[in-house]
Amino acid sequence: MTIRVIAPEPGFIKELVDVAHIFLPNASLVEGEGEPGLFIEITEKDSIGGTVAEAALSGAFAAMHALPVEPSGTPLEKKRLRKRAHKLALYHALKAATGVQPAWGSLTGVRPTRLVYERMEAGHPLTDAVAQVRDLFDLTPGKAGLLEEVILRQATLPAPREDEFSVYVGVPFCVSRCRYCSFVSRVTRDGALLDAYTDALCGEVAGTAALAQGLGLRARAVYFGGGTPTALGERRLRRVLEAARPLTAQSREVTVEAGRPDTLDMPMLRMLRDEGAGRLCVNPQTMDDATLSRIGRAHTAAQTEEAYAMARAAGFTHVNMDLIAGLPGEDEETFRRSLSRVLDLSPESVTVHALCVKRSSDMHRLGDALPDGAAAQNMVDAARAETAARGYAPYYLYRQKHMAGNQENVGYAMPGHECLYNVDMMEDAVTVLAAGAGAISRRVWPGRNRIVRAPNVKDIAHYIARVGEMMERKEELMRMGAGEGADEAEDGAE
């Protein structure tokens, strides 16, 4: 279906389209001439007591809904509340027209927990804060309950100290490219490029450690992600870990993404343990061999189990495993079999992602459609029930646009095995200093009063040539005073 949106604030149109996609995930926005399948018009009108935002639908659906626009607050807060009124008016009009009750209601943002935390910071107890978010944004009881569970578990984790920060080290290489992948990553074919990237990354990591030491900061959690860091091979990855040793030696937690079982052997695993890694991600995504081949992964489910056994033999006492709900060709029973097979291994944590198809992925380029929303809902519900039955609890979640069934990604962990880095990132709890192509450093001022980002260039060749500039960006970020720099425009909650 094609849609056209007319609104008094052109800057809101993108997010209004996101609301439309909750109900019409395959709809495309059209501009100019031609009759769209659905015409959406947002207007602001004077009413008794103030201004209202009114959403009117015509074409495929006919409905109308109006909501008051809150007049109070700072200019930034007024803009946020005005946009919220436009989005909610459209949401309720679409809900009335389609009869669909989305699980996450009107929310399209990444961090729904932030909405609860905002209300708690204003003095509301957790249960009341969750109820306010549920009622305002029309969440189902199940998703509201998930938010409450996550925040309860996060309350048990050690709070960051004022001198702590987290570290991300990015390795944008994989042994093959998954069809759903939208990350900036390349297949490991060019050894010269791998060596040049390793050289640049080691320099930036060492510079980051020196910067933190000069500022009197201490690493709280260090995360080696990608891509697949272990795709570098043992020799190159050892060099990166050695450069990071001043950071990993002082941190509470060190995670290495070893998502591809076919990049692991015993020498690699022993090296990772020797260099301080305590949390290892061995990510099958599915335990169905036909699906693995279909999505472009060059390993089998049996290799995942072998890699898991080797990780245990190498001394890892915290293994995380990822699964994706809604992969092409999989039904609910296929997903349940993968879930049971992974949980039977008893990893300390399991992360369940709803399939996300972004524009830069091969799946989007080839026109693959997202799976049925009800099936995706049933898959993530099964994961929540089965992990709970085996003693896991949800401790962090985030959402993305273009997700199967408009669902979410959830990390489940056994008590005491929550990943601090994941929570720090999702909740903007601490400053993050990041190294690698496409990595983004983020400075968080106390109380989250300000958040300013410093991104590294994404292109690998440009990163190698300009790595010194990437260090300068971090140094400038950390020199900023309270009133300097540009805040992040959006928190990504709504």
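In what follows, the accompanying structure is described. (Residues numbered from 1 in each chain as written. Predicted model: local features only at pLDDT ≥ 70, side-chain atom pairs only at ≥ 80, totals over all residues. Heavy atoms only, no water.)

Right, let's get into the sheet that holds strand β1 (residues 2-6). On the basis of which strands lie adjacent, the open sheet formed by 5 strands has the order β2-β1-β3-β4-β5 and mixed pairing. Looking at strand neighbours, the two that pair on one side only are β2 (28-29) and β5 (63-68), the edges of this open sheet. Helix α1 (residues 13-23) rests against β1, β2 and β3 (38-47) of the sheet, and its axis sits at about 140° to β1. Across the sheet, helix α2 (residues 75-98) lies against β3, β4 (50-59) and β5, angled at about 150° from β5, the strand it touches most. (Pairing = 2+ DSSP bridges. Helix = DSSP H or I, 4+ residues; strand = E, 2+ residues; numbered from the N terminus. Contact = heavy atoms within 4.5 Å. Axes fitted to C-alpha atoms, helices over the stretch in contact; angles between N-to-C directions.)

Let us look at the packing of helix α6 (residues 191-214) against helix α7 (residues 234-243). Taken N-terminus to C-terminus, the directions of α6 and α7 make an angle of 10°; their axes are 8 Å apart at the nearest point. Classified by the angle between their axes, α6 and α7 sit roughly parallel to one another. Residues Gly191, Leu194, Asp195, Thr198, Asp199, Leu201, Cys202, Val205 and Ala206 of α6 touch α7, and the partners they reach there are Arg235, Arg236, Arg239, Val240 and Ala243. Along the lines of polarity and charge, the residues of the contact of α6 with α7 split into 7 nonpolar, 2 polar and 5 charged. (Parallel < 35°, antiparallel > 145°, perpendicular 65-115°, else oblique. Nonpolar A, V, L, I, M, F, W, Y, C, P; charged D, E, K, R; others polar.)

Counting residues in hydrophobic clusters, the biggest one holds 90 residues, and the most contacted among them are Leu201, Phe224, Leu272, Leu280, Phe316 and Tyr463. A total of 10 residues in this core trace back to one element, the largest contributor, which is α6. Residues in contact with Phe316, not counting those within four places in the same chain, are Leu269, Leu272, Arg273, Ala277, Gly278, Leu280 and Ala311. By size, the runner-up hydrophobic cluster in this structure holds 24 residues, among which are Phe12, Ile22, Ala93 and Leu94. (Core = buried A, V, L, I, M, F, W, Y, C linked by side-chain atoms within 4.5 Å. Buried < 20%, exposed > 50% of the residue type's maximum accessible area, 1.4 Å probe, protein only.)

If you trace the backbone, Arg279 turns up in strand β11 (residues 279-281). Although Arg279 is buried, it forms no salt bridge, and the closest oppositely charged side chain is Glu253 at an N-O distance of 5.4 Å. The residues contacting Arg279, other than those within four sequence positions of it, are Tyr223, Val254, Thr255, Val256, His318, Asn320, Ser349, Tyr395, Cys419 and Asn422. (Lys, Arg positive; Asp, Glu negative; His and termini not counted. Salt bridge = Lys/Arg side-chain N within 4 Å of Asp/Glu carboxyl O.)

Let's shift gears to α1. Among the 11 residues in α1, 8 count as buried, and that is most of the element. When α1 is considered as a whole, its buried residues turn out to be Leu16, Val17, Asp18, Val19, Ala20, His21, Ile22 and Phe23. Check the buried side of α1 and you find it contacts β1, β2, β3 and α2.

So, on to the pattern of salt bridges. By the definition in use, this model includes 37 salt bridges. When the shortest N-O distance is used, the salt bridge between Arg114 and Glu121 registers 3.2 Å. For Arg114, a relative accessible area of 3% translates into the label buried. The shortest N-O distance in the salt bridge between Arg390 and Asp344 comes to 2.8 Å. Taken as a pair, Arg390 in the loop between α14 (373-389) and β14 (393-398) and Asp344 in helix α12 (residues 332-344) lie far apart in primary sequence, 46 residues in all.

Our next topic: the packing of aromatic side chains. In total, this model carries 8 aromatic pairs according to the counting rule given. With a centroid separation of 5.5 Å and 45° between ring planes, the pair formed by Phe23 and Tyr91 is classed as tilted. Linking Phe23 in helix α1 with Tyr91 in helix α2, this pair joins segments that are 68 residues apart in sequence. Of the two residues, Phe23 and Tyr91, neither departs from the other in class, the shared state being buried. Clustering of aromatic rings is evident, with ring pairs tying together Tyr168, Tyr223 and Tyr421. Geometry around Phe316 places Arg273 over its ring, the cationic atom sitting 5.3 Å from the centre. (Phe/Tyr/Trp six-rings, centres within 6.5 Å; stacked < 30°, edge-to-face > 60°. Lys NZ or Arg CZ within 6 Å of the ring centre and 35° of its normal.)

This structure, assessed with the given rule, holds 0 disulfides. Considering cysteine sulfurs only, Cys174 is the nearest to Cys202, which forms no disulfide, with 19 Å between them. Looking at the unpaired Cys281, the closest cysteine sulfur is the one in Cys419, lying at 7.1 Å. (Disulfide = S-S within 2.5 Å.)

Examined against the element boundaries, Asn378 turns out to sit in helix α14. A relative accessible area of 31% places Asn378 in the partly exposed class. With 262 residues separating them along the chain, Asn378 and Val116 place their C-alpha atoms 25 Å apart. Apart from the residues lying within four places of it in its own chain, the contact partners of Asn378 are Glu332 and Arg336.

The residue Gly373 is located in helix α14 in this model. Separated by 31 residues in the primary sequence, Gly373 and Ala404 place their C-alpha atoms 6.0 Å from one another.

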